[in-house]
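Below are the chains, spelled out letter by letter.
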Amino acid sequence: MAKTPTGKNTSGRGQRDLTVKVKTARGRTLSSTRWLQRQLNDPYVKRAQAEGYRGRAAFKIMELDDKYRFLVNGARIVDLGCAPGGWCQVAVKRVNALGEKPGKKVGTILGIDLQEVDPIPGCVFHQLDFMDEGADDKVKEWLGGKADVVMSDMAASSSGHKQTDHLRIISLCEAAAYFAFDVLEEGGTFVAKVLAGGAEGDLQKLLKQKFTKVFNMKPPSSRSDSSEKFVVAMGFRG
Ligand SMILES: C[S@@+](CC[C@H](N)C(=O)[O-])C[C@H]1O[C@@H](n2cnc3c(N)ncnc32)[C@H](O)[C@@H]1O
């Protein structure tokens, strides 16, 4: 029987309809009413709240790591565009950033964002545009060396025009990839959100030159009506 992320069966028979319906209200547009309704009924949003994660995005990095295993004990992680911090919360446990697993290496997590991020034990945050001149050197200085993983869930602000948004996120992702080339240790991993579509071919080509393996995955928690997917590039050639 199919189960939702909250572990409940979805057969539906004999069950009450628990869907939260949002009424339109003065000043609220139809699209924000729809967004609110989807948010209130999203099982991953509910699960994030129940498990103390700062957003449903946490499940995407969990599912990516469950498959490709890059968040290992002792790993040094750079999270580009980390706010509000869901990915970092997941990384803290998986890389043993708090040293809670006896005898295992202790990892490091450095989060970068344009916005301020509320503290998370085991993480260091810096408010920074990763595209600023010298940002890569600053990150290496803060990290005390190179990184094992550079991950990016960055999104450019939406213009509402599909093709423009696609090009913006691809160029953001390309910039993140070049940043990763400067910061990653040989053998390291780059994980980034991309939008499926026309312009991503060049990015894939670039990553295939720089890494020994390049995978694409749409995690189950990524909304099916979104064209986002994730690229996981492993084995940085240096
Ligand atoms: C979808 S959110 C990330 C969510 C995060 N993975 C989590 O689990 O909480 C994308 C973030 O990218 C940040 N961002 C976008 N462009 C950036 C840039 N040039 N430098 C740093 N951060 C950036 C935004 O401020 C935003 O907080």
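Since the model is a prediction, treat every value here as computed from it, not as a measurement. (Residues numbered from 1 in each chain as written. Predicted model: local features only at pLDDT ≥ 70, side-chain atom pairs only at ≥ 80, totals over all residues. Heavy atoms only, no water.)

Asker: A description of the overall build of the protein should follow, citing residues and the corresponding values.
Answerer: A tally of helices and strands in the protein yields 7 helices and 7 strands. In sequence order, the protein lays out its α and β elements as α-α-α-β-α-β-β-α-β-α-β-α-β-β. For the protein, the residues scored as buried account for 43% of the 238 residues in total. Considering only contacts in the protein between residues 6 or more positions apart, those separated by 24 or more positions represent 62%. (Helix = DSSP H or I, 4+ residues; strand = E, 2+ residues; numbered from the N terminus. Buried < 20%, exposed > 50% of the residue type's maximum accessible area, 1.4 Å probe, protein only. Contact = heavy atoms within 4.5 Å.)

Asker: Residue-level account of the nonpolar core, with values.
Answerer: Among the nonpolar cores identified, the biggest contains 33 residues, and V78, L80, V150, F190, L207 and F211 are the most heavily contacted of them. With 32 residues, the next largest nonpolar core counts Y68, A97, V117 and V191 among its residues. (Core = buried A, V, L, I, M, F, W, Y, C linked by side-chain atoms within 4.5 Å.)

Asker: Describe the environment of A57, listing the residues and the values that go with them.
Answerer: With respect to the helices, strands and loops of the structure, A57 is situated in the loop between α2 (43-51) and α3 (58-68). Sequence spacing of A57 and W87 is 30 residues, and the spatial spacing of their C-alpha atoms is 6.9 Å. Residues in contact with A57, not counting those within four places in the same chain, are W87 and D153.

Asker: Any chance you could break down the UniProt feature "active site" (unreviewed entry) in the protein for me, citing the residues and the numbers?
Answerer: Look at the UniProt record and you will see "active site" (unreviewed entry) annotated at K193. Looking at the element boundaries, K193 is found in strand β5 (residues 184-195). The residues touching K193, leaving out its near neighbours within four places in the chain, are S152, D153, M154, A155, I169, C173, E228, K229 and F230. (UniProt positions renumbered as here; feature names shortened; annotations may be inferred.)

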